[in-house]
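If you want the building blocks of each chain, they are given just below.
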Amino acid sequence: MKRTVFVLGGATVCALAAVPVVLAADPTPAGMVNPTYNAQGDLVRPDGFRNWIFVGASLGLSYDEGATQEGPGLFHHVYMQPEAYAHYKETGTFAEKTMLVMENYSAGQKVDPNLHGHFEDARVGVEVALKDKEKFPDGWAYFNFSTRAGLKETAKAFPKAMCYDCHNQHAADDNVFVQFYPVLKDIMKDQGRWKDIGEASAAGSEGK
């Protein structure tokens, strides 16, 4: 995060110590697709995200200790706006209005000529992680557009305790589970910022 301090002539220098430093939000890159909200403040489901940068995939990934599933679980695809990706690669920070869209698919098998393994079958859900400090005081909010009847056009943000707290505690970088997204993880490595989550947890325990 960049620090922005405005000094209006030498007379203000002595007063700086008494003025709180303002932490500037990472700017929104020009030309980037921004989130859209309806009149009730709900997020409108992003469109065209399959043309964005593909940053990671997983199979059967879950953060619920009591979760049970049949078979391998769902396939997850995660996409990020190209401009947000470029900003992250250049600065190491997630820009304002960054959206990470996760598309979920059921796992199919035994469809001719498939003999082994699983493939992505029916799309069963779309979820979004969104960084928007203007809209959400905590910075990030999380949305699920999935229903048994199909995808909703709009969705309300989950309560903070349902998603934000877990991301804030366990995410590798700024509330984002970069540890599960190889494309973003490689950026952190290239920037010398990557540290294994297990190592980081151990270091934190030692410091207590």
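The structure reproduced in this document is the subject of the present report. (Residues numbered from 1 in each chain as written. Predicted model: local features only at pLDDT ≥ 70, side-chain atom pairs only at ≥ 80, totals over all residues. Heavy atoms only, no water.)

## Focus: the environment of A95
The line we're drawing: The helix and strand labels rest on DSSP assignments: H or I over at least four residues marks a helix, E over at least two residues marks a strand, and numbering proceeds from the N terminus. Here, two residues are considered to be in contact whenever any of their heavy atoms come within 4.5 Å of each other.
Of note, A95 is situated in the loop between α1 (82–91) and β6 (99–108). It is 8.9 Å that separates the C-alpha atoms of A95 and E83, two residues lying 12 residues apart in sequence. Aside from chain neighbours lying at most four places away, what touches A95 is D26, P27, P29, H87 and K131.

## Examining the pattern of salt bridges
Condition: Salt bridges are defined by distance alone: a side-chain nitrogen of Lys or Arg within 4 Å of a carboxyl oxygen of Asp or Glu. Only protein chains enter the accessibility calculation, which uses a 1.4 Å probe; a residue whose area is less than 20% of its type maximum is buried, one above 50% is exposed, and one in between is partly exposed.
Under the definition given, this model contains nine salt bridges. Taking the shortest distance from any N to any O, the salt bridge between E134 and K97 comes out at 3.5 Å. Note that E134 is positioned in the loop between β7 (119–131) and β8 (140–144) and K97 in the loop between α1 and β6, a separation of 37 residues in sequence. The exposure class assigned to K97 is buried, which follows from its relative accessible area of 11%.

## Let's talk about the nonpolar core
Applicable threshold: The term nonpolar core refers to a set of buried residues drawn from Ala, Val, Leu, Ile, Met, Phe, Trp, Tyr and Cys, joined through side-chain atoms within 4.5 Å.
In this structure, M80, Y88, F94 and L184 are the most contacted members of the largest nonpolar core, which totals 21 residues. Elements with a contribution of two residues or more to this core: β5 (75–80), α1, β6, β8 and α3 (182–190). Beyond its immediate sequence surroundings of up to four residues, F94 is in contact with D26, M80, H87, Y88, K131, W140, D173, D174, V176, V178 and L184. One finds M99, V126, V128 and F143 within the second-largest nonpolar core, a separate group that totals 14 residues.

## Some points on the packing of α1 against α3
Note the following rule: Only C-alpha atoms enter the line fits that serve as axes; for helices the fit covers just the stretch in contact. Angles between N-to-C directions range over 0 to 180 degrees. By definition in this entry, angles of less than 35 degrees are roughly parallel, angles greater than 145 are roughly antiparallel, angles of 65 to 115 are roughly perpendicular, and the rest are oblique. Each crossing gets its hand from how the near helix is turned against the far one by less than a right angle, where anticlockwise is left-handed and clockwise is right-handed. Side-chain classes follow a simple rule in which Ala, Val, Leu, Ile, Met, Phe, Trp, Tyr, Cys and Pro form the nonpolar group, Asp, Glu, Lys and Arg form the charged group, and the remainder, Gly included, forms the polar group.
At a minimum axis distance of 9 Å, the contact between α1 and α3 shows a crossing angle of 25 degrees. In terms of orientation, α1 and α3 fall into the roughly parallel class. Taken as a pair, α1 and α3 cross one another with a handedness that is right-handed. Where α1 abuts α3, its residues Y85, Y88 and K89 lie against V183, L184, I187 and M188. Looking at side-chain class alone, the contact of α1 with α3 contains six nonpolar, no polar and one charged residues.

## Observations regarding unusual backbone geometry
Excluding glycine, residues mostly carry a negative phi; peptide bonds, for their part, are mostly trans. Positive phi, close to 45 degrees, is recorded for D174, a residue that is not glycine. Tracing the chain through its elements places D174 in the loop between α2 (164–170) and α3. Backbone geometry at N175 places phi at a positive 65 degrees, although glycine is not the residue there. Relative to the assigned elements, N175 resides in the loop between α2 and α3. Note on N175: relative accessible area 8%, which makes it buried.

## Some details on the packing of aromatic side chains
So the rule is basically this: A pair of Phe, Tyr and Trp rings is counted when the ring centres sit within 6.5 Å of each other, with Trp represented by its six-membered ring. The angle between the planes then sorts it: under 30 degrees is stacked, over 60 is edge-to-face, the rest tilted. Two limits define a charge over a ring: the Lys NZ or Arg CZ must be within 6 Å of the ring centre, and within 35 degrees of the ring normal.
All told, the structure shown has eight aromatic pairs when counted by the stated rule. Ring geometry for F94 against W140: centres 5.9 Å apart, planes inclined by 80 degrees, an arrangement best described as edge-to-face. Residue F94 is located in the loop between α1 and β6, and its partner W140 is located in strand β8; the two are separated by 46 residues in the primary sequence. We classify F94 as buried; its relative accessible area is 1%. A residue is classified by how much of its surface remains accessible, and W140, at 4% relative accessible area, is buried. Three or more aromatic residues joined by ring pairs make a cluster, and in this case those are F49, W52, F54 and Y79. Directly above the aromatic system of Y37 lies the positively charged group of K135, at a separation of 4.8 Å from the ring centroid.

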